[in-house]
Amino acid sequence: MRFVLTCDPGFEDVVEKEVMEKVGGKFLGKLANFQGKVIIEAKPSKALLTLRSVHHVAKLVASFQIEHEDERGLEEIGEKLGKLNLSPWLKGKKSFRISSQRIGPHRFTSIDVQRVAGKVVQEKYGLKVDLKHFQLNLKVDVFGKEVFVGIPITSKSLAKRFKLRFIHPAALKPTIAYGLIRMAEVREGDTVLDPMCGGGTILLELADIFRDKVKILGGDINPKFVKGTILNAKANLLSKYMKVVVLDATHLTSFFPQSSVDKIITDLPYGVRMKRRNLKELYMKFLGSSYEVLRSNGRIVALTLRANSFRSLALNAGGFKLVGERVIESGGLYPHVFILEKLI
Ligand SMILES: C[S@@+](CC[C@H](N)C(=O)[O-])C[C@H]1O[C@@H](n2cnc3c(N)ncnc32)[C@H](O)[C@@H]1O
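Residues numbered from 1 in each chain as written. Predicted model: local features only at pLDDT ≥ 70, side-chain atom pairs only at ≥ 80, totals over all residues. Heavy atoms only, no water.

Visitor: How would you sum up the overall build of the protein? Please name residues and give values.
Guide: From N to C terminus, the protein includes nine helices and 16 strands. Taken along its principal axes, the extent of the C-alpha atoms in the protein is 70 × 40 × 35 Å. Taking the contacts inside the protein whose residues are at least 6 apart along the sequence as the reference set, 75% of them involve residues at least 24 apart. Surface exposure of the protein reaches about 16700 Å², of which carbon and sulfur atoms provide 52%. Taking the 56 positively charged and 35 negatively charged side chains of the protein as two groups, their mean positions are separated by 5 Å. (Helix = DSSP H or I, 4+ residues; strand = E, 2+ residues; numbered from the N terminus. Contact = heavy atoms within 4.5 Å. Areas by Shrake-Rupley, 256 points an atom, 1.4 Å probe, with all protein chains shown as cover. Lys, Arg positive; Asp, Glu negative; His and termini not counted. Charge placed at Lys NZ, Arg CZ, Asp CG, Glu CD.)

Visitor: Tell me about unusual backbone geometry, residues and numbers included.
Guide: The backbone of Arg211 shows a phi angle near 50°, a positive value even though the residue is not glycine. Looking at where Arg211 falls in the secondary structure, it is placed in the loop between helix H6 (201-210) and strand E11 (215-220). Of note in the backbone geometry, Leu237 takes a positive phi value of approximately 55° without being a glycine. Residue position: Leu237 is located in the loop between helix H7 (223-235) and strand E12 (242-246).

Visitor: Now, about the packing of aromatic side chains: what can you tell me, with residues and values included?
Guide: Taken as a whole and assessed by the stated rule, the structure comprises five aromatic pairs. With a centroid separation of 5.9 Å and 40° between ring planes, the pair formed by Phe166 and Phe225 is classed as tilted. Highlighted residues: Phe166 in the loop between strand E9 (146-152) and helix H5 (174-184) and Phe225 in helix H7, separated in sequence by 59 residues. With a centroid separation of 4.9 Å and an interplanar angle of 45°, the aromatic rings of Phe310 and Phe338 are classed as tilted. Residue Phe310 is located in helix H9 (residues 307-317), and its partner Phe338 is located in strand E16 (residues 336-342); the two are separated by 28 residues in the primary sequence. The class of Phe338 is buried, set by a relative accessible area of 0%. Put simply, the rings of Tyr283, Phe310 and Phe338 pair up and form one aromatic cluster. Across from the ring centre of Tyr291, 4.3 Å away, lies the NZ or CZ of Lys342, which sits over that ring. (Phe/Tyr/Trp six-rings, centres within 6.5 Å; stacked < 30°, edge-to-face > 60°. Buried < 20%, exposed > 50% of the residue type's maximum accessible area, 1.4 Å probe, protein only. Lys NZ or Arg CZ within 6 Å of the ring centre and 35° of its normal.)

Visitor: I'd like a description of the side chain of Glu205, backed by residues and values.
Guide: Here Glu205 lies in helix H6. Given a relative accessible area of 0%, Glu205 falls into the buried group. At 3.0 Å, the side chain of Glu205 and the side chain of Arg161 are in polar contact. With residues up to four places along the chain from it excluded, the contact list for Glu205 reads Arg52, Arg161, Phe162, Pro174, Ala177, Tyr178 and Ile181. (Polar contact = N/O pair within 3.5 Å; in protein donor to acceptor, adjacent residues only side chain to side chain.)

Structure, rendered in structure tokens:
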């Protein structure tokens, strides 16, 4: 069976690796470029709902192409949808709704697609539209000239996996934290640090995956956030796997011994309330201080919106090799992920 998985744009390869490890099957590719959608072929299994890099999973019922992206495309969608046999999927259902996502230069909207598709299902199968208490949600997504018809099997995003007693104003999605952890190549026995942990998303994700198999350290300069992280860790029964303290990421040797950390994984402040010059100074001091506490060949995986500043500082800091950089999308912003390796 084919499934469409939704993820954070830029992390599609992370999904591919995780699916191969946990679910098996075949990775058929990205559904649209940089849209955070991939198709896989796999046996239906509960393992699909344990994927950490994925937000939503939908069964792919059918796919077809349209020739036009203007109003005629809408008619084509109605006609081609009408020719599909959706009975096996609609069996026993009395009410439905259509949801739709549309990407491309169409002369129609996703609401138009919902209207046309809804009419077809209503007339052909006699089901009632119920936008609130529907028994079946049929997705009709249009990406350029490709149309995908699917049935979601997740009602709530798999990213909503932690109980949060404290919400940081710039909290990361756990799916992104997972992607960063993979980029760091964390291994059992490693000591891993997030020195700007905010509400603790990266630490929660680390603890949930590795439990006591890695040493998890964290901190933030703001005591309120450290308290929030501890509350979040307790709420998820993960506090015994981490040590979180108030610290300054620009003076890490005051808190941790030199050459004692294998991986630093962090989501840097973007400087919304900070002058550009001060942010550069913070990044520079963070890099210098990280160098001191990292073991040789240790890694920094850092997420930042200020990519140009961070890249030039990382390249000029000396002592680090830039082994990777990629852009991802998060909440309409495009931060970069940097992977640095400490040179011996
Ligand atoms: C983008 S937020 C991290 C959000 C976090 N990943 C989460 O999911 O909640 C960056 C954090 O860096 C902290 N910070 C800024 N300067 C710092 C410093 N010198 N040392 C430690 N933490 C610092 C801020 O207090 C803020 O909580």
